[in-house]
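# Notes for the structure review
Given next are the chains, with one letter for each unit.
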Amino acid sequence: MIPTQFDYEAPATLEEAVALLASDLDGAKVLAGGHSLIPAMKLRLAQPQMLVDIARIKSLSYIREEGDQILIGATTTHYEMESSDLLKTICPLLPACAASIGDVQVRNKGTIGGSIAHSDPAGDWPAAVLALDADLVLVGTSGERTVKAKDFFVDLLTTDLQPGEILREIRIKKPSGRFGHAYQKVPHPASGFAVVGVAVHLVLNDDGSCNSAGIGITGVGVKAYRANAVEAALAGSNLDDNALASAVAHVCDGVDPNADLYASSDYRCHLAQVHTRRAIQAAKAQVR
Ligand SMILES: Cc1cc2nc3c(=O)[nH]c(=O)nc-3n(C[C@H](O)[C@H](O)[C@H](O)COP(=O)(O)OP(=O)(O)OC[C@H]3O[C@@H](n4cnc5c(N)ncnc54)[C@H](O)[C@@H]3O)c2cc1C
């Protein structure tokens with residue numbers, strides 16, 4: 001199927017993009033990599049009147065350090081995240097997550113901002129930004145606001161973004177102390193999307209016990225979520241087999257796990273437990 005007819009605008013600046021979106025709050029939509037939006041338009045699940053292409057706004061694509069933070073522009077591609085030497089050194093969870101996304105074509109066009117804004121229940125980036133407790137900077141005609149990742153993902157394909165707003169930047173506090181990262185994913189054999197994806201940011205005390213754990217889960221519920229009960233059970237524990245087994249038993253607490261032809265809800269929850277345990281063990285092995 002081909003999409004319904006639409007206008008196409010390619011603004012040179014973020015300010016122009018915000019103004020274009022404001023000129024048609026119901027009909028205009030942001031276009032970034034197009035790897036989720038264009039398929040939805042071809043299926044006529046989305047029928048925007050106007051596409052505002054932000055991928056050509058050069059100032060929206062960057063990865064840099066500023067003080068104790070890592071700043072990432074919304075149109076930075078999955079491949080740029082995967083291949084960033086800076087991120088490999090200071091925040092390896094992000095390149096690991098990027099490397100697991102789709103195939104080379106998807107990673108070259110798709111953007112971190114597009115994935116977060118789309119909030120696909122099986123998208124990988126939401127799990128990573130939740131585990132890292134990221135701040136998301138949104139901009140609209142009434143100015144800029146910052147939302148915590150844990151408050152951003154609201155429901156299936158639904159976020160806290162308001163009509164006319166653009167996700168401009170992802171801000172992550174530079175990991176410090178004795179930390180380790182891991183991203184574990186069970187990819188769907190046909191689509192490559194996560195049947196289950198687990199992002200872990202683990203910080204250890206000097207004696208090897210768990211200081212804190214940030215754990216983001218995707219693929220299991222209608223939206224990505226933080227496994228708060230697992231994080232609480234791990235804090236202060238010695239991370240031995242018994243501690244891990246009793247902590248990961250809580251990974252689906254408060255969530256109604258998805259069921260489809262590939263994985264029943266029980267199987268999905270079982271996968272989430274197994275891969276959360278493996279991700280924590282892998283993160284522990286990475287502690288510097
Ligand atoms: C074959 C295939 C395999 C894939 N496999 C995976 C996978 O394994 N894991 C995975 O996570 N994803 C996967 N994807 C999805 C891919 O990562 C997309 O790139 C991503 O979901 C959306 O990013 P995008 O830049 O393409 O956004 P677009 O498709 O351009 O936009 C998606 C939505 O977000 C909105 N939007 C985009 N950017 C912004 C912004 N900055 N501010 C506000 N709103 C915005 C758009 O209006 C639209 O509603 C796959 C896609 C394909 C086609």
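What you are looking at is a predicted structure, and each value in this text was computed from that prediction instead of being measured. (Residues numbered from 1 in each chain as written. Predicted model: local features only at pLDDT ≥ 70, side-chain atom pairs only at ≥ 80, totals over all residues. Heavy atoms only, no water.)

Our focus in this paragraph is the state of the cysteines. This model, assessed by the stated rule, comprises one disulfide. The residue that forms a disulfide with Cys-252 is Cys-269, at a sulfur-sulfur distance of 2.3 Å. Across the S-S bond of Cys-252 and Cys-269 the torsion is about 135 degrees, and the bridge reads as right-handed. Within this pair, whereas Cys-252 is found in the loop between α11 (241-248) and α12 (265-286), its partner Cys-269 is found in helix α12, the two being separated by 17 residues in sequence. Across the pair, exposure class does not vary: Cys-252 and Cys-269 are buried alike. Not engaged in a disulfide, the cysteine Cys-97 finds its nearest cysteine sulfur in Cys-91; these two sulfurs lie 10 Å apart. (Disulfide = S-S within 2.5 Å. Helix = DSSP H or I, 4+ residues; strand = E, 2+ residues; numbered from the N terminus. Buried < 20%, exposed > 50% of the residue type's maximum accessible area, 1.4 Å probe, protein only.)

All right, on to the packing of aromatic side chains then. In this structure the tally under the stated criterion is one aromatic pair. When the ring centre of Tyr-62 is taken as origin, the NZ or CZ atom of Arg-64, which lies over that ring, is 4.2 Å away. (Phe/Tyr/Trp six-rings, centres within 6.5 Å; stacked < 30°, edge-to-face > 60°. Lys NZ or Arg CZ within 6 Å of the ring centre and 35° of its normal.)

Reading across the sheet, the five strands line up as β4-β5-β10-β6-β7 and stay open at both edges, with antiparallel pairing between neighbours. The strands lining the two open edges of the sheet, one partner per strand, are β4 (63-66) and β7 (143-148). The mean angle between the axes of side-by-side strands here comes to 25 degrees, regardless of whether they run parallel or antiparallel. Where strand β6 (residues 135-140) meets strand β10 (residues 166-173), five bridges bridge the pair, whose relative direction is antiparallel. Note on β10: the bridge partner recorded for Leu-138 is Leu-167. In the packing of helix α1 (residues 14-22) onto the sheet, contacts are made with β6 and β10, and the angle to β10 comes to roughly 130 degrees. (Pairing = 2+ DSSP bridges. Axes fitted to C-alpha atoms, helices over the stretch in contact; angles between N-to-C directions. Contact = heavy atoms within 4.5 Å.)

Here we take up the environment of Lys-88. Along the polypeptide, Lys-88 turns up in helix α4 (residues 85-90). You can call Lys-88 partly exposed: its relative accessible area is 43%. In this structure the C-alpha to C-alpha distance between Lys-88 and Ala-199, which are 111 residues apart in sequence, comes to 15 Å. Apart from the residues within four sequence positions on either side, Lys-88 is in contact with Glu-82, Ser-83, Pro-95 and Arg-288.

Before going further, it helps to spend a moment on the layout of surface pockets. One water molecule sets the probe size; rolling that probe over the atoms shows where empty space is left. By volume, the second largest pocket is sized at about 290 Å³. What lines the second largest pocket is a set of 19 residues, among which Ala-131, Leu-132, Asp-133, Lys-173 and His-201 lie closest to the centre. Among the elements of the structure, β10, β12 (194-204) and β13 (210-218) are those that each provide at least two residues to the lining of the second largest pocket. Split into classes, the residues belonging to the lining of the second largest pocket amount to seven nonpolar, five polar and seven charged. (1 Å grid on protein atoms, 1.4 Å probe; cavity = no way out; pocket = protein on both sides within 12 Å on 5 of 7 lines; lining within 4 Å. Points joined across faces, edges and corners; volume = space filled by probe spheres on them. Nonpolar A, V, L, I, M, F, W, Y, C, P; charged D, E, K, R; others polar.)

Turning next to the pattern of salt bridges. Applying the stated criterion across every chain, the model contains 17 salt bridges. With a shortest N-O distance of 3.9 Å, Glu-66 and Arg-64 are connected by a salt bridge. A relative accessible area of 37% places Arg-64 in the partly exposed class. A single network of salt bridges, built from pairs that share partners, joins Asp-133, Asp-135, Lys-148, Arg-226 and Glu-231. (Salt bridge = Lys/Arg side-chain N within 4 Å of Asp/Glu carboxyl O.)

Our focus in this paragraph is the environment of Ala-194. As for its position among the elements, Ala-194 is in strand β12. For Ala-194 and Asp-124, which are 70 residues apart along the polypeptide, the C-alpha to C-alpha distance reads 7.0 Å.

This part covers the site of the ligand. Taken together, 31 residues lie near the ligand, and Val-30, Gly-34, Leu-37, Thr-111 and Asp-124 sit nearest. The side chain of Asp-124 places a nitrogen or oxygen atom 2.6 Å from a nitrogen atom of the ligand. Computed on the free molecule, the ligand has an accessible area of 970 Å², of which 89% lies beneath the protein chains in the complex. Per-element tally for the shell around the ligand: the top contributor is helix α7 (residues 112-118), with four residues. Of the residues in the shell around the ligand, the class split is 13 nonpolar, 14 polar and four charged. (Near = heavy atom within 4 Å. Polar contact = N/O pair within 3.5 Å; in protein donor to acceptor, adjacent residues only side chain to side chain. Areas by Shrake-Rupley, 256 points an atom, 1.4 Å probe, with all protein chains shown as cover.)

This part is about the nonpolar core. In globular proteins that are soluble, nonpolar side chains generally tend to be buried together. The biggest cluster of nonpolar side chains holds 34 residues, and the ones touching the most others in it are Ile-72, Met-81, Leu-94, Ile-116, Trp-125, Ile-170 and Ile-172. Among the elements that line this core, the one with the most residues is helix α8 (residues 125-131), at six residues. Every residue in contact with Ile-170, bar those within four places of it in the chain, is listed here: Ile-70, Leu-71, Ile-72, Ala-74, Ile-112, Ile-116, Val-129, Ala-134, Asp-135 and Leu-136. In this structure, Leu-204, Ala-272, Ala-279 and Val-287 belong to the second largest nonpolar core, which totals 31 residues. (Core = buried A, V, L, I, M, F, W, Y, C linked by side-chain atoms within 4.5 Å.)

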